[in-house]
Amino acid sequence: MSGYADLRALPSVDQLLKAQAVLPLVEQHGRTIVTEELRSVLSEIRSAVREGGALPDTNGIVASLLGRLAYRGRSNLRPLFNLTGTVLHTNLGRALLAEEAIAAAVDAMREAAALEFDLDTGKRGERDSHLRELLCELTGAEDATIVNNNAAAVLIALNAVGAGRQAIVSRGELIEIGGAFRMPDIMERAGVGLVEVGTTNRTHAKDYIKAINPETALILKVHTSNYRIEGFTAEVEGAELATIAHEAGVLLLNDLGSGTLVDLSRYGLAKEPTVREAVAEGADLVTFSGDKLLGGPQAGFIVGRKDLIAAINSNPMKRALRVDKIRIAAMLATLKLYRDPDRLGARLPTLRMLSRGQAEIRAQAERLAPEVSAVLAPKGYHVEPQACSSQIGSGALPVDTIPSAGLRISAPSGTALEALAALFRSLPRPILGRLQDGALVLDLRCLTDEVAFLDSLSQGATHAAA
Ligand SMILES: *Cc1c(COP(=O)(O)O)cnc(C)c1O
């Protein structure tokens, strides 16, 4: 029982709180937190000593305290390196904002702003008015409104124009998007009866025409964001659907999902339908996301006919789904960048990353491979540059990939590879790659700060062992 004797030499919490090395920590984190963590440290030491461990000196105790405080202070929302190859990764927060948008958000956070106040008249103003004009200019729509996200946009639009009546949807477009967004469920919550037409692979104009009845409020067209039906297929294009809807006196709502404001082929990517095209085809309302290809903060837009937007704005759900001043400020700054398409590709991070050429990324991989290898090879890992494929993510061009390059890290065993991936996730600035064909692939398309990356990597390497 010699361990018990040692424990009497252990300083008390009160003594430690007064120690030179602890005082600045109390200043920084507050007495409550430091006291709590000291109790835990001392209790761990007591258990260790009872099992025959050595008694640490004050320096050792402070080191444990520092470790606990650092761990406690760090958030799961800390910045990370998205080297998964999915540029707009929903689970990683989708679009990164342009510097202009970040600056605008910071200003809006720090100061009061005339969010719902008209500085010309001195009267109450409208929250949406800040964005309306720009959205109309960029999409060619008559009017526009903004809500929390595109799921909210679809929900409120359906409710405002179709509650108590029916909407016709093609069976090929009854989508489910990650996170329980299922079109049939949304329609139910919106109070709209779902009328399915056509088949999974083929829906024709006559299917829609036959289904229209006095209860029909609208035809809903949905962008099949995360899958593509191939082979023997048929769908009715937006322009024809608009004609069918309008001849029957019902509305056409087009949920574009990602909804780009520019022709992506201009930036070397495959073409996605633009919002302007959907409006020009005759859709009465078009919904799309703010944080997918558009490259702004999370938001949902509804653009279209003035009377319908007015109905949406006066729907009680609008108040529950509204957007705060920080996001409106960031969104406004993002949309303004679209007025200058020549520089958009350089200023909007989403487009900048998506349009990086494979040769440039390959050169980056070749430059980084020896440095990464220097860190990981001694632990038994093998690192080499490798061609790979990125994808846009978030339901844009679901089956198209973009040629990219990265680092392929292989290990002597599957367990060693999993261990490395876990270690990368636990870093102060985590590195996320993807496990593929028995290797950990780091797609470098989204890597801008190489110095920070190598820094993070060498911090991790102190622990790595294959
Ligand atoms: C992504 C998407 C949604 C949901 O948009 P959020 O902005 O994630 O709420 C709805 N419809 C389609 C077609 C989508 O692609």
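Residues numbered from 1 in each chain as written. Predicted model: local features only at pLDDT ≥ 70, side-chain atom pairs only at ≥ 80, totals over all residues. Heavy atoms only, no water.

Draft legend 1. Looking closely at the UniProt feature "domain: L-seryl-tRNA selenium transferase N-terminal" (unreviewed entry) in the chain. UniProt feature "domain: L-seryl-tRNA selenium transferase N-terminal" (unreviewed entry): in the numbering of this structure it lies at residues 7–46. Here residues 7–46 runs as 72% helix and 0% strand, with 7 Å between its end C-alpha atoms. (UniProt positions renumbered as here; feature names shortened; annotations may be inferred. Helix = DSSP H or I, 4+ residues; strand = E, 2+ residues; numbered from the N terminus.)

Draft legend 2. The arrangement of the domain arrangement of the chain in detail. When the domains of the chain are assigned, the result is domain 1 (2–73), domain 2 (81–90 + 354–461) and domain 3 (99–347). The straight-line distance from the C-alpha centre of domain 2 to that of domain 3 is 34 Å. Contact with domain 2, which involves twelve residues of that partner, is made by 16 residues of domain 3. Across the interface of domain 2 and domain 3, roughly 1100 Å² is buried in total on both sides, 67% from carbon and sulfur atoms. Summed over the shared surface of domain 2 and domain 3, the result is zero salt bridges. Inspection of the region where domain 2 meets domain 3 yields zero residue pairs in polar contact (both at pLDDT 80 or more). (Domains from an automatic or database assignment. Contact = heavy atoms within 4.5 Å. Buried area = accessible area lost by both parts, 1.4 Å probe. Salt bridge = Lys/Arg side-chain N within 4 Å of Asp/Glu carboxyl O. Polar contact = N/O pair within 3.5 Å; in protein donor to acceptor, adjacent residues only side chain to side chain.)

Draft legend 3. Region of the structure containing the site of the ligand. In the vicinity of the ligand there are 13 residues, among which A151, S225, D255, S289 and K292 approach most closely. Here an oxygen atom of the ligand sits 2.9 Å away from a polar atom, N or O, in the side chain of R94. Taking S289, its side chain carries an N or O atom lying 2.7 Å from an oxygen atom of the ligand. Calculation on the ligand without its partners gives an accessible area of 380 Å², and the protein chains cover 94% of this total. Residues of the shell around the ligand, tallied by class, amount to four nonpolar, six polar and three charged. (Near = heavy atom within 4 Å. Areas by Shrake-Rupley, 256 points an atom, 1.4 Å probe, with all protein chains shown as cover. Nonpolar A, V, L, I, M, F, W, Y, C, P; charged D, E, K, R; others polar.)

Draft legend 4. Examining the packing of aromatic side chains more closely. All told, the structure shown has two aromatic pairs when counted by the stated rule. Relative to F453, the ring of F81 lies with its centre 5.8 Å away and its plane at 80°, an arrangement referred to as edge-to-face. In this pair, F81 is assigned in strand β1 (residues 81–82) and F453 in helix α20 (residues 450–461), connecting sequence segments 372 residues apart. A residue is classified by how much of its surface remains accessible, and F453, at 0% relative accessible area, is buried. A centroid spacing of 5.1 Å and a plane angle of 35° characterise the contact between F288 and F301, whose relative ring orientation is tilted. Here F288, found in strand β9 (residues 285–289), pairs with F301, found in strand β10 (residues 300–304); they are 13 residues apart in sequence, far enough to count as distant. One residue, R202, lies across the ring of F232, its end atom 3.8 Å from the ring centre. The ring of F81 has R429 lying over it, and the distance from NZ or CZ to the ring centre is 4.0 Å. (Phe/Tyr/Trp six-rings, centres within 6.5 Å; stacked < 30°, edge-to-face > 60°. Buried < 20%, exposed > 50% of the residue type's maximum accessible area, 1.4 Å probe, protein only. Lys NZ or Arg CZ within 6 Å of the ring centre and 35° of its normal.)

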